[in-house]
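# Structural description and commentary
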Amino acid sequence: MVKAVVGANWGDEGKGKITDMLARETDIIVRFQGGANAGHTIINNYGKFALHTLPSGVFYDHTTSIIGNGVALDIPVLFKEVQSIREKGVPMPKLLVSDRAQMVMSYHKNFDAYEEERLGGKSFGSTKSGIAPFYSDKYAKIGFQVSELYDEELLKEKVERVAAQKNVLLEHLYHKPLITPEELFDELMEYKKMIEPFVCDTALFLHNAIKEGKNILLEGQLGSLKDPDHGIYPMVTSSSTLAGFGAVGAGIPPYEIQEIVTVCKAYSSAVGAGVFVSEIFGEEADELRRRGGDGGEFGATTGRARRMGWFDCVASKYGCRMQGTTGVAFTVLDVLGYLDEIPVCTGYEIDGEVTTEFPTTRLLKQAKPVFETLQGWKCDIRGIREYEKLPKNCRRYIEFIEEKIGFPIMMISNGPGREDIIYR
Ligand code: GDP
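These lines cover the structure that appears in this document, whether it is placed above or below. Note that this is a predicted model, so its numbers are computed, not measured.

## Thoughts on the site of the ligand
Among the 21 residues in the neighbourhood of the ligand, the closest are listed as Lys15, Gly16, Thr41, Asp334 and Ser413. Take Arg306: an N or O atom from its side chain is 3.1 Å from an oxygen atom of the ligand. Take Ser413: an N or O atom from its side chain is 2.5 Å from an oxygen atom of the ligand. Considering the ligand on its own, with 590 Å² of exposed area, one finds that the protein chains cover 97% of that surface.

In C-alpha cells form, the structure reads like this:
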C-alpha cells in the first residue's frame, strides 16, 4: 500500500510532522523530488531536527529511507545530515540511494548564486542550493547520474564537455573563476566514495516491496503552488511537487498510490517572491509569525522570516485538487488560539468579479482577497485528542474550511509533537 504526503500550498505546511507520525506504520519512506532547498522540522524523543535531504523516516529503526531517482541528490549535505543525526544518538538509518538519481555538483550551487547576483532585485529568491541549475542540466542531458560514477571512461569524456560549456557562461555572462575537467572528475570520485554503500536499483526494491505488501510512504517537498506546471510560474521550484510525480520520482506505477494525504496549514505562509493573495503585513503579521509553527515561522533551511497570511480557501482548494487529495491533514491549528476573530480568504476579486478558482499567474497578480471573518476560540487546544472536545468555534473554523475546499479534513494537528493529532 502506497501513501503520499504532500503540501497543498507554498510548503512549510507541517509535512515533516505528519510523515514522522505516519512513519510508525510505514516500512519504507521515499523522497521523490526536490533537493536540499527546503527543510522539514521534526521533533521527537531524540530532539529537534531540521532535515533537508533525509526522508523523515530516519528516526525509526523499522523503516528504510530511500532517496528516489527524482531527487536532486546533494551528497555532501546528505552526509552532513547523517552525521548530525548520529551525533544526537539516532542509530544509523537504513538508507538507499537510487542509482538513477542525479547529483548536485558544486558548480550548480555557484551558478545559482551567480544568477541571483546577476538578476539583482529581480531574483527568484532562490535558496542557492543549486536546484534550478541542477534540473536544467538534467533535462538538457548534461547531468551526472549516480550510475555513471561506475564508468570512469565515460565520465572523463563528459567532464570535458560539461566544463567547456559551463566555462562559456562563467567567463562571458558571470565573469567568475572557470572550472577544470580535472576538478569535476575529482569531485565526482569523492562523491562515489561517499555514496557507494547506499546505491541500488531502488525502483526494483520498491517493486518487490509492493509485491510483498509493504507500507510505503512518498514524502513530498514544498507544495502544489510551487509546482513548475501547476504552480505560480515562474516563482516555482524546478521539480514537480505533486503526488502524481511520486510515481515517476520513485519509479513505481501510478495506480499503486492509493492514498494522498495533503497537508494544509490553518493559516498561510510563504517564502521567497511571488504573488501571495491573502498576505498580511505589519504588527498583525509579526504576531502570527512569532506565534506560528513551533517557535516562529522562520525557514528551516535559511532562517528567513516567512511571509504570513490568513487561510486561503481558493489556493488550498486548488492545491488539494491538483494533488488528488484523498484526505487533508490540517495543521498548526493550536497557533490561532490567541485571536478574537479569524479572517479567511474565501474568494479572489479579479477585474471586479469574485472567483473561487485559482487562476494563472497573469490573473493572480490582479487578484484581491475577499475575506470572511470567523469567531476565534480564545483558548489553548493543545492536548485535546478528540474532535468533539475542541471548542465549538474551533470546530466551526475547521468545518467552514472543509466545506470551502471540498476535501475531507481527516486529521487535525494541534501541536508539534507526534502525539498532537486528532483523527476524525
Ligand atoms: P514542512 O516543510 O511542511 O515539514 O513544514 P515545517 O518543517 O516548516 O513545519 C512547520 C513547523 O510547524 C515546524 O516547526 C513543526 O514542528 C511545526 N508544527 C507542525 N505541526 C504543528 C502543529 O500542529 N502545531 C504547532 N504549533 N506546530 C506544528
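## Topic: the sheet that holds strand E13 (residues 279-280)
Taken in spatial order, the 3 strands of this open sheet run E12-E14-E13, and their pairing is antiparallel. Taken across any chain shown, the strands that pair with only one partner, and hence form the sheet edges, are strand E12 (268-270) and E13. For E12 and strand E14 (residues 307-309), the ladder comprises 3 bridges, and the chain directions are antiparallel. In the sheet register, Ala270 faces E14, and the bridge partner there is Arg307. Contacts from helix H9 (residues 282-291) reach E13 and E14 within the one sheet, and its direction differs from that of E14 by about 100°.

## Observations concerning the sheet that holds strand E7 (residues 94-98)
Taken in spatial order, the 10 strands of this open sheet run E9-E7-E5-E2-E10-E1-E11-E16-E20-E21, and their pairing is mixed. Sheet topology places strand E9 (199-200) and strand E21 (421-423) at the edges, where each strand pairs with a single neighbour. For strand E11 (residues 257-265) and strand E16 (residues 327-331), the ladder comprises 5 bridges, and the chain directions are parallel. Across the sheet, Lys265 pairs through a bridge with Thr331, a residue of E16.

## A short note on the side chain of Asp74
By the secondary structure assignment, Asp74 is in the loop between strand E6 (72-73) and helix H2 (75-87). For Asp74, the side chain forms a polar contact with the side chain of Lys109, separated by 2.8 Å. Not counting chain neighbours up to four residues away, the residues in contact with Asp74 comprise Ala36, Val104 and Lys109.

## A word on the packing of aromatic side chains
Summed over all chains, the structure comprises 12 aromatic pairs. When the centroid spacing of 4.6 Å and the interplanar angle of 45° are considered together, the rings of Phe49 and Phe59 count as tilted. Taken together, the residues Phe49 in strand E4 (residues 47-51) and Phe59 in the loop between E4 and strand E5 (64-67) connect sequence positions 10 residues apart. Judged by relative accessible area, Phe49 falls into the buried class, the value being 5%. According to the relative accessible area criterion, Phe59 is buried, its value standing at 5%. By way of ring pairs, the aromatic residues Phe311, Phe330, Trp377 and Tyr397 are connected into one cluster. Lys166 extends its terminal NZ or CZ atom over the ring of Phe111, reaching a point 5.4 Å from the ring centre.

Calculation criteria
Residues numbered from 1 in each chain as written. Predicted model: local features only at pLDDT ≥ 70, side-chain atom pairs only at ≥ 80, totals over all residues. Heavy atoms only, no water. Near = heavy atom within 4 Å. Polar contact = N/O pair within 3.5 Å; in protein donor to acceptor, adjacent residues only side chain to side chain. Areas by Shrake-Rupley, 256 points an atom, 1.4 Å probe, with all protein chains shown as cover. Pairing = 2+ DSSP bridges. Helix = DSSP H or I, 4+ residues; strand = E, 2+ residues; numbered from the N terminus. Contact = heavy atoms within 4.5 Å. Axes fitted to C-alpha atoms, helices over the stretch in contact; angles between N-to-C directions. Phe/Tyr/Trp six-rings, centres within 6.5 Å; stacked < 30°, edge-to-face > 60°. Buried < 20%, exposed > 50% of the residue type's maximum accessible area, 1.4 Å probe, protein only. Lys NZ or Arg CZ within 6 Å of the ring centre and 35° of its normal.

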